[in-house]
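Summary of the model geometry
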Amino acid sequence: MANLFTRLKDSISADFHEALDQKEQKNPIAMLNQYLRESEKETDKVRKLVERQYRLKDEFAREYQKSEDMAEKRRHQAEIAQQAGEDSMYEFAVKEQQEYESRAERLKASRLESIEQLETLERKYEEMKHKLKDMHLKRMELMGRENIARAHRRMDQVIEDTADKPYSKFAEIDRYIEDLEYKVNSSYYRNTFDSKVAQLEKDMKKEEKVTTP
């Protein structure tokens with residue numbers, strides 16, 4: 001049962017990630033954003049490695065100087081022990097001097113190698129930063145093109161959808177106003193007709209009275 005649930009969970013997870021991948025493939029800007037985030041992480045890792053290499057170079061320099069100083073110190077002590085006839089002290093000082101000189105040589109070589117490695121890292125780090133900057137600029141260019149394309153598509157859609165509608169709307173408004181005017185005029189004519197007929201009848205009666213002897 002546990003294996004069944006595990007397989008089911010893995011299957012759902014795979015389908016989910018596949019859906020995300022398909023969505024990203026349909027959106028180049030999203031893919032570029034993801035790639036930029038990954039590149040920024042890698043660039044930051046390289047920056048930390050460069051900083052670490054700087055610290056190693058400085059550490060090699062300090063250890064080299066310490067070995068040089070100790071070798072010189074033991075050389076001077078060996079001379080004093082030899083002059084004093086202290087053979088055991090002399091032998092110890094000479095052996096120590098040789099150890100420090102050998103260590104100094106090894107540290108010197110390591111320091112020079114670390115400097116060369118640091119220069120290589122710095123060059124590659126600068127290249128990474130330039131590439132990252134170029135990708136940011138490319139993203140800005142793509143976003144600008146995407147915005148223009150979206151704006152044109154929306155404007156074209158509005159123009160296409162409303163190509164005939166304004167005129168049909170104006171025609172409807174004209175018909176509505178004409179109908180309204182007709183109704184108003186008809187109502188006015190009906191309302192005044194009775195009064196006009198009554199006035200005509202009144203005038204006619206007056207004329208009859210005048211003409212009757």
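Residues numbered from 1 in each chain as written. Predicted model: local features only at pLDDT ≥ 70, side-chain atom pairs only at ≥ 80, totals over all residues. Heavy atoms only, no water.

**Some remarks on the overall build of the protein**
When helices and strands are tallied, the protein shows four helices and zero strands. Secondary structure elements in the protein, listed N-terminal to C-terminal, are α-α-α-α. In the protein, buried positions account for 12% of the 213 residues. Within the protein, residue pairs in contact and separated by at least 24 positions form 81% of the contacts whose partners lie at least 6 positions apart. (Helix = DSSP H or I, 4+ residues; strand = E, 2+ residues; numbered from the N terminus. Buried < 20%, exposed > 50% of the residue type's maximum accessible area, 1.4 Å probe, protein only. Contact = heavy atoms within 4.5 Å.)

**Some points on the pattern of salt bridges**
Within the structure shown, the criterion is met by 12 salt bridges. Two residues, Arg62 and Glu59, come together in a salt bridge whose shortest N-O distance is 2.4 Å. One end of the pair, Arg62, and the other, Glu59, are both in helix H2 (residues 28-84), three residues apart, so they sit about a helical turn from each other. A relative accessible area of 34% places Glu59 in the partly exposed class. Note that Arg75 is salt-bridged to Glu79, the shortest N-O span being 2.6 Å. Of the two residues, Arg75 and Glu79 are both situated in helix H2; the distance of four residues between them amounts to about one turn of the helix. Exposure remark for Glu79: the relative accessible area of 35% places this residue in the partly exposed category. (Salt bridge = Lys/Arg side-chain N within 4 Å of Asp/Glu carboxyl O.)

**Describing the side chain of Ser114**
If you trace the backbone, Ser114 turns up in helix H3 (residues 87-161). Owing to a relative accessible area of 2%, Ser114 belongs among the buried residues under this scheme. In this view, Ser114 contacts Gln53, Lys57 and Phe60; residues no more than four positions away in its chain are not counted.

**Focus on a negative patch on the surface**
Judged by side-chain charge, Glu68, Asp69, Glu101 and Glu105 come together as a negatively charged surface patch. Taken together, the elements giving at least two residues each to the negative patch come down to H2 and H3. The residue Asp69 is located in helix H2 in this model. The class for Asp69 is partly exposed, based on a relative accessible area of 44%. (Patch = residues over 30% accessible without salt bridge, like charges linked within 9 Å, V, L, I, M, F, W, Y side chains within 5 Å. Areas by Shrake-Rupley, 256 points an atom, 1.4 Å probe, with all protein chains shown as cover. Lys, Arg positive; Asp, Glu negative; His and termini not counted. Charge placed at Lys NZ, Arg CZ, Asp CG, Glu CD.)

**Looking at the side chain of Gln97**
Position of Gln97 among the secondary structure elements: in helix H3. Classification of Gln97 as buried rests on a relative accessible area of 13%.

**Comments concerning a nonpolar patch on the surface**
Judged by side-chain polarity, Ile173, Tyr176, Ile177 and Leu180 come together as a nonpolar surface patch covering roughly 390 Å² of accessible area. Within the fold, Leu180 resides in helix H4 (residues 165-211).

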